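Analysis of the macromolecular model
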Amino acid sequence: MVPKWPSNISNKIAEIVKKAEIVNDSIAISEYESDDQNVNIIAAKAADELLTIGGINASFVLGKIGDKIYISGRSIGGINVQLILEKLGGGGHITLAGAQLENMSMEDAKQELINRINEYFFEIEN
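Below is a short write-up of the structure. Residue positions within a chain follow its written sequence, with the count starting from 1. Where totals are concerned, whole chains, interfaces and linings use all residues; where local detail is concerned, this predicted model gives features only for residues with pLDDT of at least 70, and gives and counts side-chain atom pairs only at 80 or more. The side-chain figures draw on all heavy atoms in the structure; neither hydrogens nor water molecules are used.

**Describing the environment of Ile13**
The topology assignment puts Ile13 in helix 1 (residues 7-18). Between the alpha carbons of Ile13 and Ile69 there is a distance of 17 Å; along the sequence they are 56 residues apart. When sequence neighbours within four positions are dropped, the list of residues in contact with Ile13 reads Ile42, Lys45, Ala46 and Glu49. The secondary structure listing takes helices from DSSP runs of H or I that are at least 4 residues long and strands from runs of E that are at least 2 residues long, numbered from the N terminus. Between two residues, a contact is recorded if the distance between any of their heavy atoms is within 4.5 Å.

**Some remarks on the pattern of salt bridges**
Side-chain pairing between opposite charges can occur once the charged atoms of the two side chains come close. Each salt bridge in this description consists of a side-chain nitrogen of Lys or Arg and a carboxyl oxygen of Asp or Glu lying within 4 Å of one another. Overall, the coordinates contain seven salt bridges when judged by the stated rule. We note a salt bridge from Glu21 to Lys110, for which the minimum N-O separation is 2.3 Å. One end of the pair, Glu21, is in strand 1 (residues 21-23); the other, Lys110, is in helix 4 (residues 106-125), and 89 residues separate them in sequence. Three exposure classes are used, based on accessible area relative to the maximum for each residue type with a 1.4 Å probe and protein chains only: buried under 20%, partly exposed in between, and exposed over 50%. Residue classification places Lys110 among the buried residues on the basis of a relative accessible area of 6%. When the shortest N-O distance is used, the salt bridge between Glu119 and Lys87 registers 3.3 Å. Of this pair, Glu119 sits in helix 4 while Lys87 sits in the loop between helix 3 (81-86) and strand 5 (91-93), and the two are 32 residues apart along the sequence. On the accessibility criterion, Glu119 (30% relative accessible area) is partly exposed. Residues joined by salt bridges that share partners form a network here, namely Lys87, Glu112, Arg116, Glu119 and Glu123.

**What to know about the nonpolar core**
By size, the foremost hydrophobic cluster in this structure holds 23 residues, and its most contacted members are Ile27, Ile29, Phe60, Ile71, Leu113 and Ile117. Elements that contribute at least two residues to this core include exactly strand 2 (27-35), strand 3 (58-65), strand 4 (68-75), helix 3, strand 6 (96-102) and helix 4. Excluding its chain neighbours within four sequence positions, the residues that come into contact with Phe60 are Ile27, Ala28, Ile29, Ser30, Ile71, Ser72, Gly73, Val81, Ile84, Leu85, Leu113 and Ile117. We define the nonpolar core as a collection of buried residues of types Ala, Val, Leu, Ile, Met, Phe, Trp, Tyr and Cys that are connected through side-chain atoms lying within 4.5 Å of one another. Ranked by size, the runner-up nonpolar core spans 17 residues in total, among them Ala28, Leu50, Val61 and Ile65.

Have a look at this one:
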């Protein structure tokens, strides 16, 4: 059974999912622009929701509180989000991981994430 979230949280998650970009053919990346104390919960739930889209094998959602960017990563198993986010100082599990970046803009954090995703694929192919 899918959990029922308050409509304001459901709306935020839907907006994050709606503006997701696809990189490397199967990875969804999105951002949560609001400086919200619930950013970790909302980003995690949005990352989970992105995995329900056909063809998406991993997802990352970036959110911001103050001067920290939080990244939630999720995978259905074929892509190791832990290895990707470890490259950014984070950690977790192959299918569920997170990282925090400080003193960086959202756009710079997103670009760093994309760089680490590309690095990950280069390393597993070689």
